[in-house]
Amino acid sequence: MKLSKYILGSLVMVAGLLTSCNQDNIGGVYTPTGQNVSFEVEEPAQILASSSSVDNIAIRVIRSLSEGSYTAHYTISGNEDGIFVDKNGGQITFEDGQTVAVVNLSAQNMEGGEEYEISLNLSDADVATADKVLDNANAKTVISVKCDYVWGEEINAVEQSAFFEEQWDQPIQKAQGFNVYKVLSPFANGLDYVVKINSDNTVEVKLQHVWNHSSYGKIFVVGDYDEKGSGFAGYYYPEQKAIVMYLYWCLADGRGFGTYQEVLFLP
């Protein structure tokens, strides 16, 4: 019993010493005196869009103080093609009591498979509010949006190939929300190619790997209606549901086997 009392007394004494030491080492809590305006993150996660437009892209802006209202200003760079629309018009206001405000953007007229990136940059006046003690302000944030294709179920088309001098039933998939088709493994297993029909019924086929030759290696096709290998492949004829393409068959270094007609009859 005496031993227990001795141990208990020792523990109380040690706890008192530790409490005293901890209190001696605690300094004053730092309280910011400036706005310290900042984008919450320097580079948010990439946004994936399944259609040509996306609304309500939210970018959070923060500040250290909550008292009083404050209006911050920013500019956008990298939006020369006008894909992004700034609903806030280059400024954002923190109301009294708020430490978080949101910039709202939208993106429009995007092309499937393409990635779009812009930067939002705080004004010099807002950058000057950064707290040098906290050193946690982001004067810039980079927004990235990828317009991804969502492919529908397989449907059957018919392909006529002048290159192979054959015709066959051809499985394809249509991209949801786009007049774009994926032709599934037409010349080699696992090697597809994508065909895009524009609003004026012109057809686009970008350079794509479609076949492996036993001697030459990888074979590519690209739209060559204009004989420039520009990707412009031909025309779509709605009455016949026929995509008529002229494709240049080539190696990776550009050496080619010639341009041949490829016709895809949609179901």
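What to know about the overall build of the protein
Thought 1: Across its full length, the protein carries two helices and 19 strands.
Thought 2: Counting only residues that meet the buried cut, the protein has 36% of its 267 residues in that class.
Thought 3: Taking as baseline every contact in the protein between residues at least 6 positions apart, the subset at least 24 positions apart corresponds to 57%.
Thought 4: Total accessible area computed for the protein in this model is approximately 15400 Å², and 50% of it derives from carbon and sulfur atoms.

Comments concerning the sheet that holds strand S1 (residues 38–39)
Thought 1: With respect to topology, four strands assemble into an open sheet ordered S1-S3-S7-S5, the strand pairing being antiparallel. Because the sheet does not close on itself, it has two edges, and the strands there are S1 and strand S5 (84–86).
Thought 2: As paired elements, S1 and strand S3 (residues 54–62) share two bridges and run antiparallel to each other. Of the residues in S3, the one forming a bridge with Phe39 is Val61.

Overview of the confidence of the model for the protein
Thought 1: Here the protein averages 89 in pLDDT, and 90% of its residues register 70 or above.
Thought 2: A low-confidence stretch, residues 1–21 stays under pLDDT 50, and its non-local contacts, those more than four residues away or across chains, total zero contacts.

Concerning a negative patch on the surface
Thought 1: Judged by side-chain charge, Glu42, Glu43, Glu115 and Glu117 come together as a negatively charged surface patch.
Thought 2: Along the chain, the position of Glu115 falls in strand S8 (residues 115–122).

What about a nonpolar patch on the surface?
Thought 1: On the surface, Tyr30, Val133 and Leu134 cluster together to form a nonpolar patch covering roughly 280 Å² of accessible area.
Thought 2: Relative to the elements of secondary structure, Leu134 occurs in the loop between helix H2 (124–127) and strand S9 (140–147).
Thought 3: You can call Leu134 partly exposed: its relative accessible area is 34%.

As for the sheet that holds strand S4 (residues 70–77)
Backbone hydrogen bonds are what pair the strands of a sheet, in a parallel or an antiparallel way.
Thought 1: Strand order in this open sheet of five strands is S2-S9-S8-S4-S6, and the pairing throughout is mixed. Looking at the sheet topology across the chains shown, the edges are occupied by strand S2 (47–49) and strand S6 (91–94). Averaged over neighbouring strand pairs, the angle between their axes works out to 25° when direction is ignored.
Thought 2: Where S2 and S9 come together, three bridges link them in parallel fashion.

The rules behind these values
- Residues numbered from 1 in each chain as written.
- Predicted model: local features only at pLDDT ≥ 70, side-chain atom pairs only at ≥ 80, totals over all residues.
- Heavy atoms only, no water.
- Helix = DSSP H or I, 4+ residues; strand = E, 2+ residues; numbered from the N terminus.
- Buried < 20%, exposed > 50% of the residue type's maximum accessible area, 1.4 Å probe, protein only.
- Contact = heavy atoms within 4.5 Å.
- Areas by Shrake-Rupley, 256 points an atom, 1.4 Å probe, with all protein chains shown as cover.
- Pairing = 2+ DSSP bridges.
- pLDDT = per-residue confidence, 0-100.
- Patch = residues over 30% accessible without salt bridge, like charges linked within 9 Å, V, L, I, M, F, W, Y side chains within 5 Å.
- Salt bridge = Lys/Arg side-chain N within 4 Å of Asp/Glu carboxyl O.
- Lys, Arg positive; Asp, Glu negative; His and termini not counted.
- Charge placed at Lys NZ, Arg CZ, Asp CG, Glu CD.
- Axes fitted to C-alpha atoms, helices over the stretch in contact; angles between N-to-C directions.

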